[in-house]
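Observations on the model geometry
Listed here are the chains, written in short residue letters.
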Amino acid sequence: MYEFVSGPLVWIAFIVFIGGSLYRIYNMLSSSKKEKVVFPHMSLKHSVASLIHWTIPFNNQYMRQRPIFTIISFAFHICLIIAPIFLLAHVILWDESWNMSWLTIPDAVTDGMTIMVIIGCIFFLYRRLTDPVVQNVTDSSDYLLLAITALPFITGFIAYHQLFAYKAILIIHILAGEIMLIAIPFTRLSHMLFFVFTRAYFGSEQGHVKNSKDW
Amino acid sequence: MKPTIVKRDLVVDTALDQCAAKLTPEQIEKVVNEVIDNETGGRLQTYVNTCIHCGLCAEACQWYLSHDKDVSYAPVTKVKDTIWVLLEKKGKVDGAFIKRCSEIAHTECNVCRRCGMYCPFGIDIAYMMLVVRRICAKLEMVPLYLQDTVHSHAATMNQMWVKPDEWIDTLQWQEEEGQGYVPSARLPLEKEGAEIMYSVIGPEPKFLAQLLGNITVIMKVAGLDWTMPATAGWDNSNMAMYSGDFEIMARVERLHHETAQRLKVKKIVMGECGHAFRGAEYDGPTWMGWMKPPIPIVHAISFYYDLIKSGRIKIAKKAEGPITVQDPCNVVRNAGLGTQLRYIMNAVCEEFVDVTPNGRHNYCCNAGGGVINVGPPWKKKRVQGNRVKAEQMKRTGAHTIVTPCHNCHSGIEDIVDYYKLGMHVKFFSDILIEAMEIPEHLKPKEE
Amino acid sequence: MLKIESWDWESKEKMLADTAKWKDKFEDVWEPYISPDGEKIASIVKVGEGEFNIAVNEGTWEEPFEKIWYSRFSPDSRLTALITKDMEWTMAVDGKPWEQMYEYIWDTKFSDDGKVIAATTKLDSVYGITVNEKTLECPVNLESIASYAISSDGKTLAAIAQTLPLGQADLDGFLKGTWSVVVNGKPWKDNFVDIYGLAISNDGKNVAAEYRAAICEYGIVVNGKPWNEKFGCTWEPVFHPNNSNEITTPVRQAGQWFLATNGRIVWDKGFVSLLYQTYSPDGNNIAATVAPQFAKWTVAVNGQPWAATFNECLLQPCFSPDGRKVAVIAKDSGKWLLVVDGTVLGEGYDNIWQPVFSPGGDKVICKVEKNGKYAVAVNGKICGNTYEALWNPVVSPDGTRVMICGVEDGKYYRKVVPLSDI
Ligand code: SF4
Ligand code: SF4
Ligand code: SF4
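Described in the following lines is the structure provided in the data block. Counting from 1, residues in each chain are numbered in the order their sequence is written. The naming scheme follows written order: chains are lettered A onward, ligands numbered 1 onward. Since the coordinates come from a predicted model, pLDDT governs what is reported: local features require at least 70, and pairs of side-chain atoms require 80 or more to be given and counted, while whole-chain, interface and lining totals use all residues. To get the side-chain values, take all heavy atoms of the structure and skip hydrogens and water.

**Regarding empty space enclosed by the protein**
Space left empty within the atom packing is revealed by a probe, the size of a water molecule, rolled over the atoms. Residue and element names in this part refer to chain B. Two kinds of site are reported from a 1 Å grid over the protein atoms alone, namely cavities, where a 1.4 Å probe fits but cannot get out, and pockets, open sets with protein on both sides within 12 Å along at least five of seven lines, and residues are called lining when an atom falls within 4 Å of a point. Grid points are joined across faces, edges and corners, and a volume is the space filled by probe spheres set on the points. A complete count under the given rule lists five cavities of 30 Å³ or more for this structure. For the largest cavity, the calculated volume is near 130 Å³. Helix numbers and strand numbers start at the N terminus; a helix is a DSSP run of H or I with at least 4 residues, a strand a run of E with at least 2. When contributions to the lining of the largest cavity are tallied by element, the ones reaching two or more residues are helix H3 (42–50), helix H5 (75–88) and helix H8 (125–138). The element that contributes the greatest number of residues to the lining of the largest cavity is H5, accounting for three residues. For the second largest cavity, the calculated volume is near 100 Å³. Cys-61, Lys-78, Cys-109, Cys-112 and Cys-115 are the residues nearest the centre of the second largest cavity, which is lined by 15 residues in total. Going through the elements one at a time, helix H4 (62–66), H5, helix H7 (114–118) and H8 are the ones with two or more residues in the lining of the second largest cavity. The residue makeup of the lining of the second largest cavity, split by class, is ten nonpolar, two polar and three charged. Put simply, Ala, Val, Leu, Ile, Met, Phe, Trp, Tyr, Cys and Pro go in the nonpolar bin, Asp, Glu, Lys and Arg in the charged bin, and everything else, Gly too, in the polar bin.

**So, the site of ligand 2**
Residue and element names in this part refer to chain B. Here a residue counts as near a molecule or strand whenever at least one of its heavy atoms sits within 4 Å of it. Surrounding ligand 2, one finds Cys-51, Ile-52, His-53, Cys-54, Gly-55, Leu-56, Cys-57, Val-76, Cys-119, Pro-120, Phe-121 and Ile-125. Comparing atom positions with the cavity grids shows ligand 2 to sit within the largest cavity. Broken down by class, the residue content of the shell around ligand 2 amounts to ten nonpolar, two polar and no charged. To be counted as sitting in a cavity or pocket, a molecule needs more than half of its atoms within 2 Å of that site's grid points.

**Observations concerning helix H17 (residues 338–348) of chain B**
Restricting attention to buried positions, one finds in H17(B) the residues Gly338(B), Leu341(B), Arg342(B), Ile344(B), Met345(B), Ala347(B) and Val348(B). Contact definition: two residues touch when any of their heavy atoms are within 4.5 Å. Those residues of H17(B) that are buried are in contact with helix H16 (300–309), strand S5 (319–325), strand S6 (349–352), strand S7 (400–402) and helix H21 (428–435) of chain B. Type-normalised accessible area, obtained with a 1.4 Å probe on protein chains alone, sets the label of each residue: buried when under 20%, exposed when over 50%, and partly exposed for intermediate values.

**Structural notes on the interface of chain B and chain A**
Across the boundary between the two partners, chain B contributes 53 residues, which contact 46 residues of chain A. For the pair chain B and chain A, the two sides together bury roughly 4,100 Å², of which 55% comes from carbon and sulfur. For chain B, the biggest contributors to the area lost against chain A are Arg43(B), His53(B) and Phe121(B); these three give 14% of the whole. Salt bridges are counted wherever a side-chain nitrogen of Lys or Arg sits within 4 Å of a carboxyl oxygen of Asp or Glu. Run the count over chain B and chain A and you get three salt bridges. The partner of Arg43(B) in a salt bridge is Glu205(A), with the nearest N and O atoms 3.8 Å apart. Under this definition, polar contacts are N or O atom pairs within 3.5 Å; protein pairs additionally need one hydrogen-donor-capable and one acceptor-capable atom, and for neighbouring residues in sequence, both atoms have to be side-chain atoms. For the pair chain B and chain A, the number of links is 27 residue pairs in polar contact (both at pLDDT 80 or more). Secondary-structure elements contributing two or more residues to the side of chain B that touches chain A are helix H2 (25–39), H3, H5, H7 and helix H15 (274–288) of chain B. Here the side of chain B that touches chain A gets seven residues from one element, more than from any other, and that element is H3(B). Looking at side-chain class alone, the side of chain B that touches chain A contains 27 nonpolar, 16 polar and ten charged residues. Values labelled buried area give the accessible surface lost by two parts on being combined, using a 1.4 Å probe and summing over both.

**Some words on the packing of helix H11 (residues 191–209) of chain A against H3(B)**
Between two packed helices, both the angle of their axes relative to each other and the distance between the axes serve to describe the pair. Under this scheme, a helix contributes an axis fitted over its contacting stretch, all axes are lines through C-alpha atoms, and angles between N-to-C directions fall in the 0 to 180 degree range. Following both chains from N to C, one finds H11(A) and H3(B) inclined at 125°, their axes separated by 10 Å at the closest point. Classified by the interaxial angle, the pair formed by H11(A) and H3(B) is oblique. Where H11(A) crosses over H3(B), the two elements pack in a sense that is left-handed. Taking contact as the criterion, the partners of His191(A), Phe194(A), Thr198(A), Tyr201(A) and Glu205(A) in H11(A) are, on H3(B), Arg43(B), Thr46(B), Tyr47(B) and Thr50(B). Between 65 and 115 degrees an angle is taken as roughly perpendicular, under 35 as roughly parallel, over 145 as roughly antiparallel, and anywhere else as oblique. We call a crossing left-handed when the near helix sits turned anticlockwise from the far one by less than a right angle, and right-handed when that turn is clockwise.

**Let's talk about the side chain of Ser66(B)**
Residue and element names in this part refer to chain B. Among the secondary structure elements, Ser-66 is positioned in helix H4. By relative accessible area, which is 3% here, Ser-66 ends up buried. Discounting chain neighbours no more than four positions away, the residues touching Ser-66 are Gln-384, Gly-385, Asn-386, Arg-387 and Val-388.

**Concerning the packing of aromatic side chains**
Residues and elements named next belong to chain A. Centres within 6.5 Å are what make two rings of Phe, Tyr or Trp a pair, Trp counting through its six-membered ring; a difference in plane orientation under 30 degrees is then read as stacked, over 60 as edge-to-face, and the rest as tilted. Counted under the stated rule, the structure contains 33 aromatic pairs over all chains. Note on Trp-11 and Trp-98: the rings are 5.6 Å apart at their centroids and 45° apart in plane angle, and the pair reads as tilted. Of this pair, Trp-11 sits in helix H2 (residues 8–33) while Trp-98 sits in helix H6 (residues 88–98), and the two are 87 residues apart along the sequence. Ring centres of Phe-14 and Trp-94 lie 5.6 Å apart, and the angle between their planes is 80°; on these two criteria the pair is classed as edge-to-face.

**Notes on the pattern of salt bridges**
By the definition in use, this model includes 58 salt bridges over all chains. Residues Glu258(B) and Arg254(B) are paired through a salt bridge, measuring 2.8 Å at the closest nitrogen-oxygen approach. Taken together, the residues span about one helical turn, with Glu258(B) and Arg254(B) both in helix H14 (residues 246–262) at a distance of four residues. Arg254(B) shares its class with Glu258(B); the two are buried. Ionic pairing is found between Glu312(C) and Lys292(B), a salt bridge with its closest N-O pair at 3.8 Å. Here Glu312(C), found in the loop between strand S31 (304–305) and strand S32 (313–314), pairs with Lys292(B), found in the loop between H15 and strand S4 (297–299), and the two come from separate chains. Glu312(C) sits in the buried class, given a relative accessible area of 4%. Each of Lys30(B), Glu34(B), Glu39(B), Arg134(B), Lys138(B) and Glu247(B) takes part in one network of salt bridges that share partners.

Here it is, written out as structure tokens:
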């Protein structure tokens, strides 16, 4: 079992993730061409300006207006991406099978980051349950996505601390990670892929076409 | 997903009611899919698929804020209750649903694009509301007064059923009014090769003719070479853009720009109107296949900014007391004229008090996006839907609000009335005409 | 037709008026107009409080009026203007007002020979087309006239008119149709939601227009009979120059523009935009302004777009007399350009007026503007003087000379230069 989830399934997950992502992006670009104005309205300069203002915390008015949300959401997203990539244990796996390795972050730090992701998930869950606007647009898929996101981190945390049933938890952890990878291109987790594009378009339209700003 | 709980006072709009009664499911399904398949693309799909249901856009919308955070007015809710369903059900909805779509898109959203600026993804909800309006328009599900205005555009190429002779007659009359201030002032009609074509919106000749007199004086004092057309094509406004009747929108915009081309002018200067600028600068040209207008169009704010900054117009006596401003979305948030607006406000006012939030973050007046044009039945809802604007204006302590946009002007007047703010609402040119210096040689001779 | 042959093609240069003197003589001088033969220049002038006149060459009209506007020369060089007397309006021709006075009068138009002078008038709240002082009788009271067209011979006058009253916010009434076309006083049998783009065939026999059938449904109607085909949108139709049964118009289908003749799509390729379809003089070729892609404009001749595109806009293309060449004014990156068969000729200008071809088609002549001065450009290059005011150059019928009329230092000159010299 362990061999399967940590062997071929990883392959499959990465192939689906990368292939699926490329497919979704290609699809989005080609169907955007149908509307003749979309590409002529784009501008690199204004796309970058928009991204700079929306990927640096507190770099736009709205983020400053909601400090708590901004801090948690940034911490969450940064940790979500950084922790798995630079976790020592993950890098070792890459090294073993591919002879590839890179910088790692001390385990204590990635542990903290994992906790941060879990806190983020709890925070988002709390908002979904209590904020009337969010509640009104929430359905089961939103909870599912939250679960898909939280599970690899919760299981990773348990596995790292070897709290119980290490082997079983480890298998679940790997599976959860694979599910998440596979889910990214095909669910609304794809906002991770499309973020750059929707921002670039709105930034271009506000800046290039409308001579204004979007932050 | 649970349906949104919607609490509204009953509004009777005969056009919507009659249309809801007569639409068949087949008609609806056909039109919805036609619009989605032929007129939208990856942009709409990506917006819908990327929205993470986070609700952050809610805080942007004056409707939501003014209704004590009633979720049914939140931008994302407006999308949920319209386009999400249309896409999911592939157009298999009934007349009552389309009617609700029109209520949401035509009467509860000003397509002001503030929410787009508050969504972390830059999802343009206003664009999606325009797609909904497009579907509604093709099904004739458009509020009575808005549709009537669009019919006026279609039949007369102006917003107010103004007939060709009435138009010219009004200009000739207002030329005389202007000559009361400056006897040598002239309103040159059909002057081919002039530097500037001046264009206005339909309500000016109909209800606010003094603005035409004002501009006659301002042009003379500034010594500019200008003209106005004596044919259709003089009206730069465009409610068809807001009902969703894009063919009529394009016909109106095309005529406006071709009139400028026919007159061989270098630029079009337009009066103080927000949506007209949007139509003439972006929406119209985009439909026509122009990246930008073939003859550049200059909004009144930029025009006055240049005149004051260059000293072509000098200020003799600044307006007294605290005066504030309404930033029209379509020329500030969506055209970047906020800084110029502040420059001219400071130039003509002794004490200019800014609003908060201001500039491109300003709240919409709630009249824009065609919402004032849906007419009397919807007025109460519109005014109640912008309590935050009343509070914002009140905080400034100003005695006058300057609105460089016709819709804002009427919308803010209604708000001042309803919330008993006791403030005056003026166009910038109203203030300028009082404040500017009229050189000795242009003044009327004493008898 | 106008007798251009009879104009003075011999005098090399005539100074016909010193308009600078007008400025001293009158309180205000408006922009000048010239007669088609170039012999007269005229400006509306203010002669006193509420008193206007027209200065023509060295003189003025005999009688001043309370108001004068829209001074236009007829093709046979008579000067018309719209005037008021005792708060009523009428047309004045060479200083002599029509006897009939109107509540309002506007939009003067002429037959090609200038014998017919027409205008829209309003009298006792009824609108009409008035031709040589006689209002065309119409069996119904016209509520409004949006615009009208006059045939070359002046015998056919067609107006887009509202023939039924419409109540306030009467959506159903509007969609049932209140607009029609009134040809020489006779309205078409049916009404339409809207009518646009009126055209009269060269022989004056047929009248065509765009009509709107429903909210987003358009078509072409000829002599009151609609084409069977309907489209998402249309633009104004044009007649074949020698065959009044052939009508061509841009039509929109599934978000693209196509060219259709008598209802059938004739160009297989669709465009983002398609405007100003123009027949060659013999009617064998059609050119149109098209955008194959968003914000990329060019001319398509018989459906084939030129390779070069321009990023702002294009005006109406025009054919050389033999129909082989096509010239168009294009705007690219803020400059106006003269383009012939896809090649830019000369430099960019601040403005370019509609060009004319020499009879042999080898020279394209037009009025251009640069730094506030005007000049004549041949194949895109400025030839000769610059002027404060200039009118479109006219090529003589035998193609050997060009008449250039312009104002220099306030003086109005009419010059005739051999085409070979420029
Ligand atoms: S009114 Fe403005 S902020 Fe509110 S939903 Fe519409 S576009 Fe967004
Ligand atoms: S802020 Fe953007 S992502 Fe969030 S709910 Fe609104 S539209 Fe969707
Ligand atoms: S009316 Fe004025 S504030 Fe309101 S949408 Fe237009 S520009 Fe915006």
